[in-house]
Number of protein chains: 2
Amino acid sequence: MAQDITLLWGSGSPPCWRVMIALEEKGLAGYNQKLLSFENMEHKSEEVLSLNPRGQLPAFKHGDVIVNESYAACLYLESTFKASGNQLVPDGAAEQGLMYQRMFEGLSFFDKLIAVVFYNWVVPEEERHDSALKRNKEVLITELKLWEGYLEQLGPNTHLAGQSFTLADVVVFPTIAAFFKFGLSADRYPNLGEYYARVKERPSIRASWPPHWLENPEIQDDLKDI
Amino acid sequence: MAQDITLLWGSGSPPCWRVMIALEEKGLAGYNQKLLSFENMEHKSEEVLSLNPRGQLPAFKHGDVIVNESYAACLYLESTFKASGNQLVPDGAAEQGLMYQRMFEGLSFFDKLIAVVFYNWVVPEEERHDSALKRNKEVLITELKLWEGYLEQLGPNTHLAGQSFTLADVVVFPTIAAFFKFGLSADRYPNLGEYYARVKERPSIRASWPPHWLENPEIQDDLKDI
């Protein structure tokens, strides 16, 4: 199974990390993989473009099946390897509904993080506005409060869609980890802080921790005032 | 079944339309529904906020299960009503992989449409730049060419993930319909044009066609030069 899978990835990219967590959870460790450098523009290399015409990472292949979008690859892995490793879609309709809901809210959560932390990277210099960055920060704070509330409502020691670790955690945990890497305050967001501290010890997540975060564990201060 | 379902929706919103197509496909016509007006800001009403704290449409409820994100609701409906109506997830791994891949590429497709057609609505006047809108248009053309190529490769009379109509069509068709409503040229994008002309006759899509498009079938010219 694992030997039929190939993943091209970049360190610290939440989309790549999602797929790596799913692979670990499904007991597929040992897949073929290659770490590429965003800085050296290796995501625009022929090797990537031959799998992913968008020139983005992850690029994922299982046999002849190419599934590059990170959410797509996670859903594909759970569906194709249903009986292997951990079950990532819960059985009950209510739990499934909450899982899907949080997965897709997770896309907004990620976009809003990018719109603040990578504002200068995403927006050319002559198009930047303090008013836009200020608004993006306000939107991000509103979003963070929503997730604080979701965790509060579920109670301690739960996951994003209830008791079990599900695809919602697979796809949203890397975003939450990025928030704390960029300096989010666990004092100000205690439920997210508790979730992060607990879930980061999970074996699938330890096994896929971004290598350049291990080399340089320093916390940045981009989000310290958020 | 259908009587346990409630949908609050707005006319012409691709996210709302996705869920309505899924409901029709799963044989759930007759669900409770209420058409709300974006213009009158009814998506920010107490009625919506009590289901969807984001104040967005669709707002969707099945029994006590609330699933507002449109992709989430479609996945939930297929999973919960697997045996009803039409099967929307194909059986084979290759077809499933392609379906998930196209579904999630569909989010970029939609975002890039919005970034052009609703540029003035999304960006405050003092933050607008011709250079940004020009770039957004170039990005949109590149995206359209990708989808033209996908359809070309699959051959005539197919759907987005192969022979069958799947969740990829459920979630991406409303975006493609919006492109043509905003004046995209079927001469310039013949594969998308053929797909649109064929799939719009599908019963689930005819049954859920945006009522204000029926009232005013005129084609806008926003995308005529794209």
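Below, the structure is looked at part by part. Starting afresh in each chain, residues are numbered from 1 along the sequence in its written order. Written order decides the labels, with chains lettered from A and ligands numbered from 1. Since the coordinates come from a predicted model, pLDDT governs what is reported: local features require at least 70, and pairs of side-chain atoms require 80 or more to be given and counted, while whole-chain, interface and lining totals use all residues. Just so you know, side-chain values use all the structure's heavy atoms and leave hydrogens and water out.

Listed by partner, the interface residues are 35 residues for chain B and 35 residues for chain A. Buried area is understood as the total, over both parts, of accessible area removed when two parts are fitted together, assessed with a 1.4 Å probe. A combined buried area of about 2,700 Å² lies between chain B and chain A, and 57% of that area is made up of carbon and sulfur atoms. Ranking the residues of chain B by area buried against chain A places Arg54, Phe104 and Glu127 of chain B at the top, with a combined share of 23%. Any carboxyl oxygen of Asp or Glu that lies within 4 Å of a side-chain nitrogen of Lys or Arg is treated as forming a salt bridge with it. The tally of links between chain B and chain A comes to six salt bridges. Between Glu143 of chain A and Arg54 of chain B there is a salt bridge, and its shortest N-O distance comes to 2.8 Å. A 3.5 Å cut-off defines polar contacts: any pair of N or O atoms within that distance qualifies, except that in protein one atom must be a possible hydrogen donor and the other a possible acceptor, and neighbouring residues in sequence count only when both atoms are side-chain atoms. The interface formed by chain B and chain A holds 17 residue pairs in polar contact (both at pLDDT 80 or more) in total. At 11 residues, the largest contribution of residues to the side of chain B that touches chain A is made by helix α4 (residues 93-117) of chain B. Gly is placed with the polar residues, together with every amino acid not listed as nonpolar (Ala, Val, Leu, Ile, Met, Phe, Trp, Tyr, Cys and Pro) or charged (Asp, Glu, Lys and Arg). Partitioned by chemical class, the residues of the side of chain B that touches chain A number 18 nonpolar, nine polar and eight charged. We call two residues in contact when some of their heavy atoms are within 4.5 Å. Secondary structure elements are taken from DSSP: a helix is a run of H or I of four residues or more, a strand is a run of E of two residues or more, and numbering for both begins at the N terminus.

Our focus in this paragraph is a nonpolar patch on the surface. Residues and elements named next belong to chain A. A patch consists of residues exposed above 30% relative accessible area that lack any salt bridge, with like charges linked at up to 9 Å and nonpolar side chains (Val, Leu, Ile, Met, Phe, Trp, Tyr) linked at up to 5 Å. All accessible-area figures derive from a Shrake-Rupley calculation using a 1.4 Å probe, and residue coverage is judged against the displayed protein chains alone. On the surface, Phe118, Trp121 and Val122 cluster together into a nonpolar patch covering about 370 Å² of accessible area. Along the chain, Phe118 turns up in the loop between α4 (93-117) and α5 (119-122). Working definition: with a 1.4 Å probe on protein chains only, accessible area under 20% of the residue-type maximum means buried, over 50% means exposed, and in between means partly exposed. Judged by its relative accessible area of 34%, Phe118 falls in the partly exposed class.

Below, the discussion takes up the environment of Leu8 of chain B. Residue and element names in this part refer to chain B. With respect to the helices and strands, the residue Leu8 is situated in strand β1 (residues 5-10). A residue is classified by how much of its surface remains accessible, and Leu8, at 4% relative accessible area, is buried. Leu8 has contacts with Lys34, Leu36, Glu47, Val48, Leu51, Leu57, Pro58 and Ala59, leaving out every residue within four places of it along the chain.

All names here are of chain A. Inter-axis angles, ranging from 0 to 180 degrees, are taken between N-to-C directions of lines fitted to C-alpha atoms, where helices are fitted over the stretch in contact. Where α4 contacts helix α6 (residues 130-154), the two axes come as close as 9 Å, and the packing angle between them is 150 degrees. In terms of axis orientation, α4 runs roughly antiparallel to α6. Handedness of the crossing formed by α4 with α6: left-handed. Counted together, Leu98, Arg102, Glu105, Gly106, Ser108, Phe109, Lys112, Leu113, Ala115 and Val116 of α4 and Leu133, Asn136, Lys137, Val139, Leu140, Glu143, Leu144, Trp147, Tyr150 and Leu154 of α6 form the full contact between these two elements. Tallied by class, residues from the contact of α4 with α6 come to 12 nonpolar, three polar and five charged. If an angle is under 35 degrees, it is roughly parallel; if it is over 145, roughly antiparallel; if it lies from 65 to 115, roughly perpendicular; otherwise it is oblique. A crossing counts as left-handed when the near helix is turned anticlockwise from the far one by less than a right angle, and as right-handed when that turn is clockwise.

Turning next to the pattern of salt bridges. All names here are of chain A. Within this structure, the stated rule accounts for 27 salt bridges over all chains. A salt bridge links Lys112 to Glu143, with the nearest nitrogen and oxygen atoms 2.7 Å apart. With Lys112 in helix α4 and Glu143 in helix α6, the pair connects residues that are 31 residues apart, well separated along the chain. Residue class for Lys112 comes out partly exposed when judged on its relative accessible area of 22%. A residue is classified by how much of its surface remains accessible, and Glu143, at 1% relative accessible area, is buried.

As a further point, take the relation of the copies chain B and chain A. Alignment of the copies relies on least squares applied to C-alpha atoms, considering only residues that score at least 70 for pLDDT in both. It takes a turn of 180 degrees to lay chain B on chain A, together with a shift of 0.0 Å along the axis; the resulting RMSD is 0.0 Å. What the rotation and shift describe, once combined, is the action of a two-fold rotation axis. Across chain B, the rotation axis passes nearest the C-alpha of Glu127 of chain B, at a separation of 3.8 Å.

All right, on to the packing of aromatic side chains then. Ring geometry is summarised as follows: Phe, Tyr and Trp rings, the Trp one being its six-membered ring, pair when their centres sit within 6.5 Å, and such pairs are stacked at plane angles under 30 degrees, edge-to-face over 60 and tilted between the two. Inspection of every chain in the model, using the stated rule, returns 29 aromatic pairs over all chains. When the ring of Trp17 of chain A is compared with that of Phe173 of chain A, the centres are 5.7 Å apart and the planes differ by 85 degrees; the resulting orientation is edge-to-face. Residue Trp17 of chain A is located in helix α1 (residues 14-25), and its partner Phe173 of chain A is located in helix α7 (residues 167-181); the two are separated by 156 residues in the primary sequence. We classify Trp17 of chain A as buried; its relative accessible area is 2%. Aromatic rings pair up to connect Trp17, Phe173, Phe180, Tyr195, Tyr196, Trp209 and Trp213 of chain A into one cluster. In this scheme, Lys NZ or Arg CZ marks a charge over a ring once it lies within 6 Å of the ring centre and within 35 degrees of the ring normal. For Arg102 of chain B, the ring lying beneath its charged end belongs to Tyr150 of chain B, and the centroid distance is 3.5 Å.

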